[in-house]
Amino acid sequence: MPTTDTAADQASLLALQQGEAVALNRLIARWQRPLHSFAYRYLQNSTDAHDLVAETFVRLYQQRLRLRPDTRLSAWLFTTLTNLCHNHYRWLRRHPTVALDVPATDGSAKSQEGLKLVSGDPSPNVVLEQDETLAAVRAAIERLAHDLKVTLLLHYYEHLSYHEIGEITGCSDRGVETRLYRARRQLRENLAGLLNEPTRP
């Protein structure tokens, strides 16, 4: 995720409000990658992630004149995207289809998931175990409630602070901490079930 530069974002927003269309291109160039990263991890589908990120920027353009000059765009963009992801995920649950994506086809390296390959050429068994573990982690995250999933992804994968996550999710720093604790606990429980391992107290 890019280093938050509120002044630059606000300058681009002001330019966009004043009719400088290229300002939207600057914001897309700055935020498209982290937004897609989040949406992909939430939905596990690169095409859906791409579409929802595009919709996020469409909404930014449509609502540009309604935004305050001091709007923190990073929070606004992620809030809009998390809502779109949530609504789309609920729609998918009601209309199940065969997923077209193969895991990690968005170009994300396994190391981004916290599972790094050892140096040298790993054996097929090692690769298989890592793939199975990675799939289990994804499945466990997917089973989390929306608020816990969003908080977990924003903290561990987008590296946002408690305060930044609170701006997006609408809760206090303490609330973010509580959600992270609950998410980690449920993740351990889900992983234990998926990997057929006993949970630790």
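Bear in mind the structure is a predicted one, so any value in this text is a computation, not a measurement. (Residues numbered from 1 in each chain as written. Predicted model: local features only at pLDDT ≥ 70, side-chain atom pairs only at ≥ 80, totals over all residues. Heavy atoms only, no water.)

Let us look at the overall build of the protein. The helix and strand inventory of the protein stands at eight helices and zero strands. For the protein, the N- to C-terminal ordering of α and β elements is α-α-α-α-α-α-α-α. Put simply, of all contacts in the protein between residues at least 6 apart along the chain, 67% involve residues at least 24 apart. Looking at the protein as shown, the accessible area adds up to about 11,600 Å², and 51% of this sits on carbon and sulfur atoms. (Helix = DSSP H or I, 4+ residues; strand = E, 2+ residues; numbered from the N terminus. Contact = heavy atoms within 4.5 Å. Areas by Shrake-Rupley, 256 points an atom, 1.4 Å probe, with all protein chains shown as cover.)

The next subject is helix 3 (residues 46-62). The end-to-end C-alpha distance of helix 3, which contains 17 residues, comes to 24 Å, matching closely the 24 Å that a straight helix rising 1.5 Å per residue would cover. For helix 3, the full list of buried residues reads Ser46, Asp48, Ala49, Leu52, Val53, Thr56, Phe57 and Leu60. On its buried side, helix 3 packs onto helix 2 (22-43) and helix 4 (73-94). Its side-chain oxygen at 3.1 Å from the backbone nitrogen of Thr47, Asn45 defines the N-terminal cap of helix 3. (Expected span 1.5 Å × (residues − 1). Buried < 20%, exposed > 50% of the residue type's maximum accessible area, 1.4 Å probe, protein only. Polar contact = N/O pair within 3.5 Å; in protein donor to acceptor, adjacent residues only side chain to side chain.)

So, on to the packing of helix 2 against helix 3. Between helix 2 and helix 3, the shortest axis-to-axis distance is 8 Å and the interhelical angle comes to 140°. Between helix 2 and helix 3, the angle is such that the two are oblique. The interaxial crossing formed by helix 2 with helix 3 has right-handed handedness. On the side of helix 2, the interface is formed by Leu24, Leu27, Ile28, Trp31, Gln32, Leu35, His36, Ala39, Tyr40 and Leu43, while helix 3 contributes Ser46, Asp48, Ala49, His50, Leu52, Val53, Phe57, Leu60 and Tyr61. Classifying every residue of the contact of helix 2 with helix 3 by side-chain character gives 14 nonpolar, four polar and one charged. (Axes fitted to C-alpha atoms, helices over the stretch in contact; angles between N-to-C directions. Parallel < 35°, antiparallel > 145°, perpendicular 65-115°, else oblique. Left-handed = near helix turned anticlockwise from the far one by under 90°. Nonpolar A, V, L, I, M, F, W, Y, C, P; charged D, E, K, R; others polar.)

Another aspect to go through is the pattern of salt bridges. Evaluated as defined, the whole model comprises nine salt bridges. Between Arg30 and Asp9 there is a salt bridge; the shortest N-O distance is 2.8 Å. Taken together, the residues span a long stretch of sequence, with Arg30 in helix 2 and Asp9 in helix 1 (residues 6-17) at a distance of 21 residues. You can call Arg30 partly exposed: its relative accessible area is 21%. In this structure, Arg26 and Glu20 form a salt bridge, with 3.0 Å as the shortest nitrogen-oxygen distance. A network of salt bridges, in which partner residues are shared, links Arg72, Glu164 and Glu167. (Salt bridge = Lys/Arg side-chain N within 4 Å of Asp/Glu carboxyl O.)

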